[in-house]
Amino acid sequence: MKYITIAIDGPGAAGKSTVAKEVARRLNYTYIDTGAMYRCLALYVLENQIDYQDETKLVQAVDCLDIQLSNNGKVFLNNKDVTQNIRSSAVTNLVSRVSSPRCVREKFVRLQQDLAKNKQGVVMDGRDIGTVVLPHADLKIFQVASSSVRAKRRYEENLTKGIHTSLDVLEKEIKERDYLDTNKPFGALKKAQDAIELDTSYLTIEEVVQIILNYAKDLIK
Ligand code: DC
């Protein structure tokens, strides 16, 4: 059996993590959520009141992180389960900023490339996986959805957690993060030339998973 590497990129709240985790589970592959790694840095910066505009301090903070990702989506930072904490709105609103500097990106990209090495099949999701981290990935998906659909999905997800934020505010936050993610000097959100664009605005999670699995199966057989 041939094992392949699958890169899934796209804007925030497009459902990448949910889809990537499920594709990895069905193929029995390793799932690597790179957004969770940058979120760990943002959480560490917040908890330790680090001046994130000071790049020296930021890069020192990266060296203090021991991040463990489990295949079922659990995230451990310095041996503490931070799976929920890294999804807080404080972290979400800070993460684009701490993930921008070149020194941070270089360290994380190397870490992500090491994580993908010698694995029997990998699904990695993020913003720059197909372009920078795994430019030779066998299958590249660029997963998108309109900002209004993404805001609605986030709204419904928040309700299940008892969080009430208006749709307008959520869509505004999503657009701001899109802008920051797309205009980063390093590791900006960009579709790789050889990526397949998948607009999931009107697709269910299961439909998206099936489409990706069909592409993968063509490459594996
Ligand atoms: O996918 P996510 O929302 O969990 O990502 C969190 C943030 O991390 C997002 O604002 C952009 C950044 N990120 C990045 O710069 N590069 C990646 N490969 C993944 C995420």
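Placed above this text is the structure.
Residues numbered from 1 in each chain as written. Predicted model: local features only at pLDDT ≥ 70, side-chain atom pairs only at ≥ 80, totals over all residues. Heavy atoms only, no water.

Trainee: Go over the sheet that holds strand β7 (residues 139-144), please, and point to the residues and values.
Mentor: Taken together, 5 strands build an open sheet; the order of strands is β2-β6-β1-β7-β8 and the sheet is parallel. Two strands close off the open sheet at either side, each with one partner strand: β2 (30-33) and β8 (196-199). Averaged over all pairs of adjacent strands, the angle between their axes in this sheet comes to 20°, without regard to strand direction. Across 4 bridges, β2 lies against strand β6 (residues 122-126) in parallel orientation. Counterpart to Thr 30 in the pairing with β6 is Val 122. Sheet strands in contact with helix α1 (residues 16-27) are β1 (5-9), β2, β6 and β7, and its direction is about 180° off that of β6. Its contacts with the sheet place helix α9 (residues 205-220) against β1, β7 and β8, and it is angled at close to 165° to β7. (Pairing = 2+ DSSP bridges. Helix = DSSP H or I, 4+ residues; strand = E, 2+ residues; numbered from the N terminus. Axes fitted to C-alpha atoms, helices over the stretch in contact; angles between N-to-C directions. Contact = heavy atoms within 4.5 Å.)

Trainee: Tell me about the packing of aromatic side chains, and please be specific about residues and values.
Mentor: Any two aromatic rings considered together are summarised by their centre-to-centre distance and by the angle between their planes. By the definition in use, this model includes 2 aromatic pairs. A centroid spacing of 6.2 Å and a plane angle of 55° characterise the contact between Tyr 3 and Tyr 29, whose relative ring orientation is tilted. Residue Tyr 3 is located in the segment before β1, and its partner Tyr 29 is located in the loop between α1 and β2; the two are separated by 26 residues in the primary sequence. Here the aromatic rings of Tyr 38 and Phe 108 are separated by 4.5 Å at their centres, their planes lie at 25°, and the arrangement is stacked. (Phe/Tyr/Trp six-rings, centres within 6.5 Å; stacked < 30°, edge-to-face > 60°.)

Trainee: Requested: an account of the pattern of salt bridges, with residues and values cited.
Mentor: By the definition in use, this model includes 21 salt bridges. In this structure, the salt-bridge partner of Lys 80 is Glu 47, at a minimum N-O distance of 4.0 Å. One end of the pair, Lys 80, is in strand β5 (residues 80-81); the other, Glu 47, is in helix α2 (residues 34-47), and 33 residues separate them in sequence. Taking relative accessible area as the criterion, Glu 47 reaches 46% and is therefore assigned partly exposed. Across the salt bridge formed by Lys 184 and Asp 181, the nearest N and O atoms sit 3.5 Å from each other. The two residues Lys 184 and Asp 181 agree in class, both being buried. What emerges from the salt-bridge pattern is a single network uniting Glu 22, Arg 25, Arg 26 and Glu 206. (Salt bridge = Lys/Arg side-chain N within 4 Å of Asp/Glu carboxyl O. Buried < 20%, exposed > 50% of the residue type's maximum accessible area, 1.4 Å probe, protein only.)

Trainee: Account for the state of the cysteines, naming residues and giving values.
Mentor: The tally for this structure, following the rule as stated, stands at 0 disulfides. Here Cys 64 stays unpaired: no disulfide links it, and the sulfur of Cys 40, its closest cysteine neighbor, is 13 Å away. The exposure class assigned to Cys 64 is partly exposed, which follows from its relative accessible area of 38%. Distance from the sulfur of Cys 103, which forms no disulfide, to the nearest cysteine sulfur (Cys 64) is 14 Å. (Disulfide = S-S within 2.5 Å.)

Trainee: Account for the packing of α2 against helix α3 (residues 55-63), with residues named and values stated.
Mentor: Taken N-terminus to C-terminus, the directions of α2 and α3 make an angle of 115°; their axes are 10 Å apart at the nearest point. With respect to each other, α2 and α3 are oriented roughly perpendicular. Handedness of the α2/α3 crossing: right-handed. Only Leu 58, Ala 61 and Val 62 of α3 make contact with α2, whose side of the interface consists of Leu 41, Tyr 44 and Val 45. (Parallel < 35°, antiparallel > 145°, perpendicular 65-115°, else oblique. Left-handed = near helix turned anticlockwise from the far one by under 90°.)

The values are spatial; any link to function lies outside them.
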